[in-house]
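The lines below spell out each chain.
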Amino acid sequence: MLNRLDDMLNFHQQALRIRDQRQQVLASNIANADTPHYKARDMDFKATLQGALKGGGAPGGTPLATTAPGHLAGNPGQTAAAGLLYRTPAQGSVDGNTVDVDAERAAFAENAIQYEFNLTRINQQIKGLLTAIQG
């Protein structure tokens, strides 16, 4: 029973963490819309979530190795930057910037809605558990 509860909460925890990271990346893209030679970035949410649930951090990320006893083991979740991909520009620009502000805003809004959905789902599941416990 506890394993199922832990798996359910772990899934939502990882999903929220990755949605938060993606929101930061999309906000960075929007903020750099006028920066020459800036390349828009994004992440594959599904692949990143699958990697996080398997405990591997971001897909394509480099695992952190400890080669000496004094080294600290890294947090696999912190290697998400390695899972970032470059967006393919819909239209070229003179200054080399690949940010499409409209596409970035749409992705930002969609990600925010998905984040809210994950929060709502967690709240519903916890309320259901409290109702079952309290009777």
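Only a predicted model underlies this, so the values are computations on that prediction, with no experimental measurement involved.

1. A few points about unusual backbone geometry
Across the chain, the bulk of peptide bonds are trans and the bulk of non-glycine residues have phi less than zero. One non-glycine residue, H37, lies in the positive phi region at around 65 degrees. On the secondary structure map, H37 appears in the loop between α1 (2-31) and β1 (41-43).

2. Quick look at the pattern of salt bridges
Counted under the stated rule, the structure contains three salt bridges. Linking D42 and R87 is a salt bridge whose minimum nitrogen-to-oxygen distance equals 2.7 Å. Placement of the pair is D42 in strand β1 and R87 in the loop between β2 (84-86) and α3 (101-134), with a sequence separation of 45 residues. With a relative accessible area of 25%, R87 lands in the partly exposed category. Between R87 and E104 there is a salt bridge; the shortest N-O distance is 2.7 Å. With a gap of 17 residues between them, R87 in the loop between β2 and α3 and E104 in helix α3 connect regions that are remote in the sequence. The buried category is assigned to E104, whose relative accessible area is 1%.

Calculation criteria
- Residues numbered from 1 in each chain as written.
- Predicted model: local features only at pLDDT ≥ 70, side-chain atom pairs only at ≥ 80, totals over all residues.
- Heavy atoms only, no water.
- Helix = DSSP H or I, 4+ residues; strand = E, 2+ residues; numbered from the N terminus.
- Salt bridge = Lys/Arg side-chain N within 4 Å of Asp/Glu carboxyl O.
- Buried < 20%, exposed > 50% of the residue type's maximum accessible area, 1.4 Å probe, protein only.

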